[in-house]
Amino acid sequence: MHRLTDAPALHAELQRIDYRTTPEYYFDTEHVTDPVVLELLNCCSTVFGIKKAITDLLAGDLDIPLPEATGIIEPGASVRGRVIVAPGAVVAEGAIVTGPVLVCPGAVIEAGARVRDNTVVGPGCRIGFGAEVTRSLLTGGVFMKHTSFVGDSVLGLGVNIGAFVSTTGLRVTSGPVTEPATEEVCAHLDGRRIPTGQTKFGAVVGDGVIVPAGTVLQPATLIGAHTLLYPKTQVGGFFPAGSQGR
């Protein structure tokens, strides 16, 4: 709780936040059914804080209760580290899951899929053969049925990731690639550079967006809810909600 003397500073900080960087711009929280996912979104003033919130959640540093790990892990699945498979969720034979990871109710990690490193797979998601997810939040009903990669990203309700889609979290203009990365990734809004506070940041894809097959999302791509993306090799920058991207 903020002290009364902190209120003016807090109000000024909130005024500086561009609404187009808030979770509410990309995700309809009234339709988020999972309480853990909803709490994650509600505790972040901008979408750029969600990655850290996931890490804190799975480390037990947030006051958000996690579900019981009573879901199904089929024989032949490779599960390592802290992996919470919630009731009604399935990690199928041949899937690879390396924690810390939370698989929410109704989600299915299918054979040949890989999920790892501080990821929350929301309810009803389907991660198929050849798909890989890392350091990301899938809010719910996300389909990644084909070979694809999503890293350091947040996907909204009902997002569909086509075959051979990939997010990228580092800019090639930053010089030699180092691990861990050291250069902050910035988003771009109205010609302004918006700091993400992250050295790796992929994309924020709003509710209902279909990412066409073969698309590469450049670092810090922001796609508003229900945007129509036409097939294109490279997509980057900011797409307002409900717009068409060519």
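What counts and how
Residues numbered from 1 in each chain as written. Predicted model: local features only at pLDDT ≥ 70, side-chain atom pairs only at ≥ 80, totals over all residues. Heavy atoms only, no water. Pairing = 2+ DSSP bridges. Helix = DSSP H or I, 4+ residues; strand = E, 2+ residues; numbered from the N terminus. Buried < 20%, exposed > 50% of the residue type's maximum accessible area, 1.4 Å probe, protein only. Contact = heavy atoms within 4.5 Å. Axes fitted to C-alpha atoms, helices over the stretch in contact; angles between N-to-C directions.

What to know about the pairing of strand S19 (residues 192–198)
- Here strand S18 (residues 185–189) pairs with S19 via five bridges, running antiparallel. Bridge pairing in S19 places Cys 186 opposite Pro 195.
- Here S18 folds back onto S19, and the loop between the two strands holds two residues, one of which, Asp 190, carries a positive phi near 55°.

Things to note about helix H4 (residues 50–58)
- With seven of nine residues buried, H4 lies mostly within the body of the structure.
- Buried residues of H4: Ile 50, Lys 51, Ala 53, Ile 54, Asp 56, Leu 57 and Leu 58, and no others.
- Summarising the contacts, the buried residues of H4 are in contact with helix H3 (35–42), strand S6 (101–103), strand S9 (119–121), strand S12 (137–138), strand S15 (154–155) and S19.
- Count one or two residues on from H4 and you reach Gly 60, which has phi positive near 80°.

Topic: the sheet that holds strand S20 (residues 203–205)
- The strand order S3-S6-S9-S12-S15-S20-S23-S26 describes an open sheet built from eight strands, whose pairing is parallel. Both edges of this open sheet fall to strand S3 (83–85) and strand S26 (238–239), since each of them pairs with a single strand only.
- The sheet contact formed by S3 and S6 spans three bridges and is parallel. The residue of S6 that forms the bridge with Val 85 is Val 103.
- In the packing of H4 onto the sheet, the strands contacted are S6, S9, S12 and S15, and the crossing angle to S9 comes to about 90°.

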